Amino acid sequence: MSKSIQIQAIYIAPQAGAPMQSIEIAELVAGAGIKGDRYALQTGAFSQNLPQKIRHISLIAQTGIDIANEWLKAGEEPLFTASETRRNIVLSNITAAELNDYVGKTFFVGNIECKGVELCAPCQRPAELLNKSDFMNAFAGRGGLRAEVLTSGNIKIGDAFVSASTNN
């Protein structure tokens with residue numbers, strides 16, 4: 001029997017470049033994102049980029065972080081904690097490749113319906129903010145997923161992540 005996919009951690013930052021803060025419960029707002037987070041507030045580093053992209057929430061697999069850190073460790077490079085990836089939601093019991101497959105698909109995080117919009121291609125921003133190197137190479141294919149929030153409500157650590165339907 002496979003383990004259920006669950007929220008392992010939730011992070012927000014109130015503005016671009018601010019350290020990510022760990023929270024136990026988050027309020028997701030349809031069409032906006034996590035209440036109090038930089039992208040819901042339109043204060044994120046990429047909020048004003050054109051064309052505008054949907055950046056309501058970002059999700060990343062803990063296994064992807066672990067593999068990236070093994071790659072960095074082998075090269076004697078500094079490692080990245082989950083919060084340092086600058087993703088909002090860390091998921092357990094799912095691989096980076098499995099999470100990547102949710103682009104274009106709907107799913108539930110707790111009771112909140114979301115739709116995968118695009119992969120979070122790693123950029124240098126996390127490395128630059130922390131004066132670390134090689135985030136882009138280490139997280140290639142493991143950078144996570146951006147998603148649109150379709151319904152509003154609260155999520156908490158331990159909530160399940162499930163596909164909206166088997167036909168998705």
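So, how was this worked out
What you see as residue numbers is a count from 1 along each chain, following the sequence as written. Per-residue local features of the predicted model are confined to residues with pLDDT of at least 70, and side-chain atom pairs are confined, for both listing and counting, to 80 or more; whole-chain, interface and lining totals are unaffected and use all residues. For side-chain calculations, the full set of non-hydrogen atoms in the structure is used, while hydrogens and water are omitted. Secondary structure is summarised from DSSP: a helix means a run of H or I of at least four residues, a strand means a run of E of at least two, and numbering begins at the N terminus for each. Take the number of residues in a helix, subtract one, and multiply by 1.5 Å to get its expected span. Contacts were defined at the residue level, with two residues in contact if any of their heavy atoms lie within 4.5 Å. Type-normalised accessible area, obtained with a 1.4 Å probe on protein chains alone, sets the label of each residue: buried when under 20%, exposed when over 50%, and partly exposed for intermediate values. A strand pair is defined by DSSP finding two or more bridges across the two strands. Think of it like this: strands point away, you trace from the first strand over the helix to the second, and a clockwise trace means the crossover is right-handed. Orientation is described by axes fitted as lines to C-alpha atoms, over the contacting stretch for helices, and by angles from 0 to 180 degrees between their N-to-C directions. Take the buried residues of types Ala, Val, Leu, Ile, Met, Phe, Trp, Tyr and Cys, join any two whose side-chain atoms come within 4.5 Å, and each joined set is a nonpolar core. Centre distance within 6.5 Å is the pairing criterion for rings of Phe, Tyr and Trp, where only the six-membered ring of Trp is used; planes under 30 degrees apart are then read as stacked, over 60 as edge-to-face, and the remainder as tilted.

Undergrad: What exactly am I supposed to notice about helix H1 (residues 62-74) here?
TA: An α-helical turn contains 3.6 residues, so any two residues separated by three or four positions project in the same direction. An ideal rise of 1.5 Å per residue puts 18 Å on 13 residues; H1 measures up with 18 Å between its terminal C-alpha atoms. In this structure, the buried side of H1 is in contact with strand S1 (6-12), strand S5 (57-61), strand S6 (89-92), helix H2 (96-100) and helix H4 (135-138). After H1 finishes, the residue Glu-76 shows a positive phi value of roughly 55°.

Undergrad: I tried to follow the pairing of S6 on my own but got confused; where do I start?
TA: Within a regular strand, the side chains alternate between the two sheet faces. Residues Ile-89 and Leu-91 point to one face of S6 and Val-90 and Ser-92 to the other, with burial holding for every one of them. By the bridge criterion, four bridges tie S1 to S6 in an arrangement that is antiparallel. Bridge pairing links Ile-10 to Ile-89 in S6. In terms of handedness, the path from S5 via H1 over to S6 forms a crossover that is right-handed.

Undergrad: I would appreciate a short explanation of the sheet that holds strand S7 (residues 106-109) in the present structure.
TA: Hydrogen bonds between backbone atoms are what pair the strands of a sheet, whose relative direction is either parallel or antiparallel. As summarised here, the arrangement of the eight strands in space is S2-S1-S6-S5-S9-S8-S7-S11, forming an open sheet in which the pairing is mixed. The open sheet is flanked by strand S2 (21-23) and strand S11 (161-163), the only strands paired with a single partner. Averaged over all neighbouring strand pairs, the angle between strand axes comes to 35°, with direction disregarded. Here S5 runs beside S6; their pairing, made up of three bridges, is parallel. Note that in S6 the partner of Leu-59 across the bridge is Ile-89. Packing against the sheet, H1 makes contact with S1, S5 and S6, and its axis sits at approximately 60° to S5.

Undergrad: Help me understand the nonpolar core in this model?
TA: In a soluble, globular protein the nonpolar side chains are often hidden away together inside. Of all hydrophobic cores here, the largest spans 25 residues; its most connected members are Ile-57, Leu-59, Leu-91, Phe-107, Val-109, Ile-155 and Phe-161. Of all the secondary-structure elements, those providing two or more residues to this core are S1, strand S3 (25-29), S5, S6, S7, strand S8 (112-119) and strand S9 (145-149). With near-sequence residues (within four places) excluded, Val-109 lies in contact with Ile-7, Leu-59, Ile-89, Cys-114, Ile-155, Ala-160 and Phe-161. Ala-13, Ala-18, Met-20 and Ile-60 belong to the second largest nonpolar core, which has 15 residues in total.

Undergrad: Explanation requested: the packing of aromatic side chains in the structure shown.
TA: We describe a pair of aromatic rings using the distance from one ring centre to the other and the angle between the two ring planes. All told, the structure shown has six aromatic pairs when counted by the stated rule. Ring centres of Phe-80 and Phe-135 lie 5.0 Å apart, and the angle between their planes is 70°; this geometry places the pair in the edge-to-face category. Of this pair, Phe-80 sits in the loop between H1 and S6 while Phe-135 is found in helix H4, placing the two residues 55 residues apart along the sequence. Since its relative accessible area comes to 2%, Phe-80 is described here as buried. Taking 5.6 Å as the distance between ring centres and 80° as the angle between the ring planes, the aromatic pair formed by Tyr-102 and Phe-107 counts as edge-to-face.

None of this, on its own, says anything about what the molecule does.
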